[in-house]
Amino acid sequence: MQKRRDSKITIVVRERVEILLSEAHKIAKSNLVRAKRYIKLARRLAEKYRVRFTRVQKMHFCKKCNTPFVPGHNVKIGFDLRAHQIIYECKNCRAVIKFPYKKRKLHKQ
Ligand SMILES: [Zn+2]
């Protein structure tokens, strides 16, 4: 079986995606239009070169309207303790995005 190795392109794309996402967050409050464009570009790049966003990266923008999430500014974060989900509500387009999290094991006494 062939192992998939990261090509040079993948490494560069990953770096660029990282830069675009961090820049989008920096200007999210002052220039939302440009911030959204950065997210869009990052997503397009990732799609084109089949680079996957990490879990943390996925949690940093709205899937529906590409708004970068700034807690306390344009996103409402809640928890569903029973379903083990973190719930993000985008204040821009009212989309609800759920991220599951693992239940931490408690030590038996
Ligand atoms: Zn949204």
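About the thresholds
- Residues numbered from 1 in each chain as written.
- Predicted model: local features only at pLDDT ≥ 70, side-chain atom pairs only at ≥ 80, totals over all residues.
- pLDDT = per-residue confidence, 0-100.
- Helix = DSSP H or I, 4+ residues; strand = E, 2+ residues; numbered from the N terminus.
- Pairing = 2+ DSSP bridges.
- Buried ≥ 20, exposed ≤ 12 C-beta atoms within 10 Å, placed from the backbone.
- Core = buried A, V, L, I, M, F, W, Y, C linked by C-beta atoms within 7 Å.
- Contact = placed C-beta atoms within 7 Å.
- Expected span 1.5 Å × (residues − 1).
- Arc of directions from axis to C-beta.

Novice: Help me out: how do you make sense of the confidence of the model for the protein chain in this one?
Specialist: Do not read the predicted coordinates in detail wherever pLDDT is low. Here the protein chain averages 90 in pLDDT, and 94% of its residues register 70 or above. In the model of the protein chain, helix H3 (residues 55–58) stands out as the element of lowest mean pLDDT, 92, in contrast to helix H2 (residues 32–48), which has the highest, 95.

Novice: It is not clear to me how the pairing of strand S1 (residues 75–80) should be interpreted in this structure. Could you clarify?
Specialist: Where S1 lies against strand S2 (residues 85–90), six bridges are found, and the strand directions are antiparallel. Bridge pairing in S2 places Asp 80 opposite Gln 85. Adjacent in sequence and paired antiparallel, S1 and S2 are bridged by four residues, among which His 84 carries a positive phi angle near 55°.

Novice: Would you explain the pairing of strand S3 (residues 96–100) in this entry?
Specialist: The side chains of a regular strand alternate, residue by residue, between the two faces of the sheet. Little of S3 is tucked away, with zero of its five residues classed as buried. With five bridges joining them, S2 and S3 adopt antiparallel strand pairing. Residue pairing for S3: Tyr 88 is matched across the bridge by Ile 97. Hairpin connection from S2 to S3: five residues lie between these consecutive antiparallel strands, with Arg 94 at a positive phi of about 65°.

Novice: Help me understand the nonpolar core in this model?
Specialist: Burial of nonpolar side chains together is a common tendency in soluble globular proteins. Formed by 15 residues in total, the largest nonpolar core has its most connected members in Leu 20, Ala 24, Tyr 38, Ile 39 and Ala 42. Counting only elements with at least two residues in this core, the list comes to helix H1 (8–26), H2 and S2. Filtering out sequence-adjacent residues up to four positions away, Ala 42 remains in contact with Val 17, Leu 20 and Leu 21.

Novice: Can you walk me through H1 in this structure?
Specialist: Think of an α-helix as 3.6 residues a turn; residues three or four steps apart then line up on the same face. Taking 1.5 Å of rise per residue, the 19 residues of H1 would be expected to cover 27 Å, and the 27 Å separating its terminal C-alpha atoms lies within 8% of that figure. Looking only at H1, the buried set comprises Val 17, Leu 20, Leu 21 and Ala 24. An end-on view of H1 places all buried positions within 95° of arc, on one side of the element. Pointing more than 90 degrees away from the buried face of H1 are the exposed residues Lys 8, Ile 11, Glu 15 and Ile 19. Packed against the buried residues of H1 are H2 and H3.

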